[in-house]
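# Residue-level structure breakdown
Here is how the chains run, residue by residue.
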Amino acid sequence: MKVLKFGGTSVGSVNSILTLLDIVKHESLGSDKPVVVLSAMGGVTNLLQAMADKAAAGGSYAEQLKELEKRHFDTVKALLEVQKQNPVFTRLKLFFNELEDLLQGVYSLRELTPRTKDLILSYGERCSAFMVSKIAEQHLPEVVFLDASQVIKTDNSYGNARVNTELSNLLIQGFVAEHPGKVIFVTGFIASDDEGRMTTLGRGGSDYTAAIFGAALHAEEIQIWTDVNGMMTADPRLVKKAFPLPELSYTEAMELSFFGAKVIYPPTMIPAFLKKIPIVIKNTFDTSFPGTVIRHDCAGSNLAIKGISSINDISVINLTGSGMVGKSGFSGRLFSLFAREQINVILITQSSSEHSITFAINPADAAKAQALIAQEFELELQAKKLEYPAVESDLSVLAIVGENMKQTPGIAGKLFHALGRNGINVRAIAQGSSEYNISVIISRQDMAKALNAVHDAYFTDLKKTLNVFCVGTGNIGSTLFRQLAEHSDFLQQHNGIVVKIAGISNRRKMVFDANGLSLERWREQLEESGEQANLAEFIARMKAMNLPNCVFIDNTASPNPIDFYEEVLRSNISIVTCNKIGNSASYQQYKTFRDTAHKHGVDFYYETNVGAGLPIIRTLKDLMMSGDKVSRIEAILSGTISFIFNNYKGDVAFHEVVKEAQDKGYTEPDPRDDLNGKDFMRKMLILARDAGYPLEAEDVKIDNILPEACLKAATVEDFYKELEANAGYFENLKQQAESAGKVLRYIGKLEDGQASISLQMVDENHPFYMLSGSDNIISFTTDRYKDRPMVVKGPGAGAEVTAAGVFADLINVGAH
């Protein structure tokens, strides 16, 4: 036979009760009829508690009592035939009259004792179970209602009574034997003491009732019907990727439940645990889903952990002092004190030096615990052998759970890496010798971020989510969004990465969505829902959203975002930027960005600062990391200048090539912004710094291509006139090169810590001789690549390749 327990949501509405009855009918087809344990209707226990508190405070509870009565009566009217309603109304009315009398007594005395409170709360289950049993009589041939207080006997610890297991088992077995072949509908949560006074079984009491009946009757299994598809890998309200677990061991389920997985409460499993009875968690609203089976002989799993559980609000008390060192019995004295005062200790950790002990408790008990310690250890405090106990609030516990943890190396390392990379500080750590659980105490405000980060780290079959905030929606920004949209499926399948754009800003507007903005409709969302842009506010909101695996992308050429880089990195947010202003300003700023990223365990990627999508920065880093010594770097890192000199041949004049470059969109509106070499200089400066040289901008020697008159021209039109007037200067250079079998190239060079950019003539033996179009090229001469330098060549400008470089940097963030 089976024991079926239905929670508050399963008896909370007309439709859910009909579903419940279908489930019970299906389970009643065999010769062994089930025992059905019922909770109060959803929300009723809280309503009863609120009414009792109001009465004790002298407030009015009449409206709530009417609401309670109406809800039950409406359900009876909807589900019970008219001729059968009156006896049910009469019995329910008796319950509500008794309840009203109790509340009136509490109101008159302005006192709510634990004993009275238990009696008041019992009416939720009594009304629910009686009502559903009478509705079930229309659908099932043999039904009997049982008030569990008749058969479950406890002590008089009201609110959380301890069960007399031996006596309760005899009474349950006797009742079932007296009603063979009948489906028994039982009240959950309630019991009675030796004198017949109502008691309750505490939190999760209805589950406990089901387990007590299951153990007493040697049930085949205990089914817990609730509103979720079983035990989840994490709290689905906080972790959208959480998924149901098909199977758990008793130990795993106990650990997960203790640390906040509210599907089932730990003590409820103990009777089933002792009798090795499987517990199945199922969903009333999705009956076809298999749910989670909690069993003794759990099959092996390839998951390193089974789940991540959490307690959202705790307080921590730190006790330090020399009076604890080597003092036997100190801990026993401390925790015996809490046991006497019924203060539950959630987690304990002690330093190996015995100089300090830290424990977590419910925030409601913190002040009382602090006062008790001060009283119990008064002499030690006066003698300065102990410091006065310090209480920290607004904290949470996160725990990873799984039996495979004890045989899988690196479990703890993965946990702390995921937390550290996301800037989540761990206040305390606890791990039992069984290695089923590692618990950490963190700031409460970081809980959602921590759960998602840790969930991504362990459940690698799921995709890691990068939460991205983008500044800049010009050519590069918009191209990046298009590329992300086009390749999102590929990213998920081959890289295991999901990119969510959580925020976008341009110079006019900004918009946010923690669930991700549309990569197809981002323009419309920015225009329709966006608020006025404010870069400081954008950064503040990004930090306040506190999302895991967060990345800030700067797709601008503005100096304004640079002012926030350090703040962003300090907030444990990685940066990907194509904006070269930050890295080419002062060396101190460049170093600060790198050091801050390193200190906070995040990434600062800027591959596109030098060669758009070309892997120049990464190649240099890989050479140096592998121990190779770079002796010389030569480069052409301006697509504009590359195009001009690659096409300055034959009869064409220099000013004609420059005009062609401008017409093709290769140059800035004023071509001098390209031809003055300053942009090239910034790229060479970044390369030099990455190669280990602390250079400033003025340390890079630039030979001007242009005559002074061209540089000083008042307008672009005047510039072209001067350029044409100086055609002989350029023609002479070209002829010198051609007569020597060479070509003109504007080359940057880094050698012996000296950086320079100059116009050179190179022959066919030089790797830059065959350069064409607007390509960039760079050669690395190293100890390993001495005779034949390593060459990287390709498009070094354009929205498509630059966006691709930003894309690649973003994916590299996701790979960590």
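Quick summary incoming for the structure in this document. Along each chain, the written sequence defines residue order, and numbers are assigned to residues from 1. Totals for whole chains, interfaces and linings use every residue, but because this is a predicted model, local features are given only for residues with pLDDT of at least 70 and side-chain atom pairs only at 80 or more, for both listing and counting. Note that water and hydrogens are dropped before the side-chain values are worked out from all heavy atoms of the structure.

### Regarding the overall build of the protein chain
Cut-off, in case you're wondering: Secondary structure follows DSSP: runs of H or I at least 4 residues long count as helices, runs of E at least 2 residues long count as strands, and numbering of each begins at the N terminus. The globule rule used here is 2.2 Å times the number of residues to the 0.38 power, and the radius of gyration it is set against is calculated over C-alpha atoms. Summary of the burial criterion: residues with accessible area below 20% of their type's maximum are buried, those above 50% are exposed, and those between are partly exposed, where the area comes from a 1.4 Å probe applied to protein chains only. Contacts were defined at the residue level, with two residues in contact if any of their heavy atoms lie within 4.5 Å.
A tally of helices and strands in the protein chain yields 31 helices and 29 strands. Taken over the C-alpha trace, the protein chain has a radius of gyration of 37 Å; the compact-globule value for 816 residues is 28 Å, which it surpasses by more than 25%. Counting the 816 residues in the protein chain, one finds 52% classified as buried. For the protein chain, restricting intrachain contacts to residue pairs at least 6 apart in sequence, the fraction spanning at least 24 positions comes to 71%.

### Details of the nonpolar core
To be explicit about the condition: Remark: nonpolar core denotes a set of buried residues (Ala, Val, Leu, Ile, Met, Phe, Trp, Tyr, Cys) joined through side-chain atoms within 4.5 Å.
If you look at the biggest cluster of nonpolar residues, it comprises 93 residues, and the most contacted ones within it are F185 and F213. Counting residues per element, this core draws most heavily on helix 5 (residues 114–136), which supplies 10 residues. Of all hydrophobic cores here, the second largest spans 73 residues; its members include F552, V630, A691 and C710.

### Regarding the pattern of salt bridges
Selection criterion: Put simply, a salt bridge is a Lys or Arg side-chain nitrogen that is within 4 Å of an Asp or Glu carboxyl oxygen.
By the definition in use, this model includes 46 salt bridges. Salt-bridge contacts for K368 lead to E341; the nearest nitrogen and oxygen are separated by 3.8 Å. Separated by 27 residues along the polypeptide, K368 in helix 11 (residues 363–376) and E341 in the loop between helix 10 (330–340) and strand 12 (345–350) bring together distant segments of the chain. Residue classification places K368 among the partly exposed positions, given a relative accessible area of 39%. With a shortest N-O distance of 2.9 Å, E567 and K543 are connected by a salt bridge. Placement of the pair is E567 in helix 19 (residues 565–570) and K543 in helix 18 (residues 535–545), with a sequence separation of 24 residues.

### Thoughts on the layout of surface pockets
The criterion, for reference: Definitions used throughout: a 1 Å grid over protein atoms alone; a cavity as a set of points that fits a 1.4 Å probe which cannot get out; a pocket as an open set with protein on both sides within 12 Å along at least five of seven lines; a lining residue as one with an atom within 4 Å of a point. Grid points are joined across faces, edges and corners, and a volume is the space filled by probe spheres set on the points. Each residue receives one of three labels: charged for Asp, Glu, Lys and Arg, nonpolar for Ala, Val, Leu, Ile, Met, Phe, Trp, Tyr, Cys and Pro, and polar for the others, Gly being one of them.
Approximately 1,600 Å³ is the volume found for the second largest pocket. What lines the second largest pocket is a set of 48 residues, and nearest its centre among them are I476, N555, T556, A557 and E668. Secondary structure elements with two or more residues in the lining of the second largest pocket: helix 15 (475–486), helix 22 (608–611), helix 24 (639–647), helix 26 (672–675), helix 27 (678–690) and helix 31 (799–814). Of the residues forming the lining of the second largest pocket, the biggest block, four residues, is contributed by helix 22. Residue composition of the lining of the second largest pocket, by class: 14 nonpolar, 25 polar and nine charged.

### Quick word on the sheet that holds strand 12
Let me state the cut-off plainly: Two strands pair if DSSP finds at least two bridges between them. Only the stretch in contact is used when fitting a helix axis, every axis being a line fitted to C-alpha atoms; angles between N-to-C directions are given from 0 to 180 degrees.
Taken together, the six strands give an open sheet; going across it, the order is 12-13-11-14-16-15, and neighbouring strands pair in antiparallel fashion. With partners counted over all chains shown, the strands left at the sheet margins are strand 12 and strand 15 (428–431), one partner each. Looking at each pair of strands side by side, their axes are set apart by 30° on average, direction ignored. Sheet topology note: the strand 15/strand 16 (residues 437–443) ladder contains four bridges and is antiparallel. Directly across from A428, in strand 16, lies its bridge partner I441. Helix 8 (residues 250–258) rests against strand 11 (307–320), strand 12, strand 14 (390–401) and strand 16 of the sheet, and its axis sits at about 60° to strand 11.

### With respect to the packing of aromatic side chains
Definition in use: Stacked, tilted and edge-to-face pairs are distinguished by plane angle, under 30 degrees for stacked and over 60 for edge-to-face with tilted covering the rest, among Phe, Tyr and Trp rings (Trp via its six-membered ring) whose centres lie within 6.5 Å. Think of it as a cone above the ring: NZ of Lys or CZ of Arg counts as a charge over the ring if it is within 6 Å of the ring centre and within 35 degrees of the ring normal.
On inspection of all chains with the given rule, the structure shows 28 aromatic pairs. Counting every residue linked through ring pairs, the aromatic cluster contains F552, Y565, F593, F604 and Y606. Between the NZ or CZ atom of R110 and the centre of the ring of Y107, over which it lies, the distance is 4.4 Å.

### Observations concerning empty space enclosed by the protein
As enumerated under the stated definition, the model contains one cavity of 30 Å³ or more in all. Counted as a void, the largest cavity has a volume near 80 Å³. In terms of lining, the largest cavity is formed by R421, N422, K464, L466, N549, C550, V551, N572, S574, V602, V813 and H816. Looking at the lining of the largest cavity, the elements with two or more residues in it are strand 17 (464–471) and strand 21 (550–554). Partitioning the lining of the largest cavity into residue classes produces five nonpolar, five polar and two charged.

### Regarding the environment of V151
Counting through the fold element by element, V151 comes out in the loop between strand 3 (143–146) and helix 6 (165–178). Classification of V151 as buried rests on a relative accessible area of 4%. The sequence separation of V151 and P34 amounts to 117 residues, and the corresponding C-alpha distance is 17 Å. Discounting chain neighbours no more than four positions away, the residues touching V151 are L146, S168, L171, I172, F175 and F213.

### Focus: the sheet that holds strand 7 (residues 221–226)
Pairing in this open sheet of eight strands is mixed, and the strands run 3-4-2-1-7-9-10-8 from one edge to the other. Since the sheet does not close on itself, it has two edges, and those belong to strand 3 and strand 8 (247–249), each with one partner. Taking the axes of each pair of neighbouring strands and ignoring which way they run, one obtains an average angle of 20° across the sheet. By the bridge criterion, four bridges tie strand 1 (residues 2–6) to strand 2 (residues 35–38) in an arrangement that is parallel. From the neighbouring strand, V3 faces strand 2, where its bridge partner is V35. Helix 1 (residues 14–27) contacts strand 1, strand 2, strand 4 (183–187) and strand 7 of the sheet and is inclined by roughly 180° relative to strand 1.

### Considering the packing of helix 25 (residues 654–663) against helix 29 (residues 716–725)
Put simply, helix 25 and helix 29 touch, their axes get as near as 8 Å, and they point 145° apart. Two secondary-structure elements touch here, helix 25 through F654, H655, V658, K659 and Q662 and helix 29 through F719, Y720, L723 and E724. In the contact of helix 25 with helix 29, the residues fall into five nonpolar, two polar and two charged.

### Structural notes on the state of the cysteines
This is how it is decided: Two cysteine sulfurs form a disulfide in these notes if their separation is within 2.5 Å.
Enumeration according to the criterion identifies zero disulfides in this entry. Between C470, a free cysteine, and C578, which holds the nearest cysteine sulfur, the sulfur-to-sulfur gap is 10 Å. Overall, C470 belongs to the buried group, its relative accessible area being 0%.

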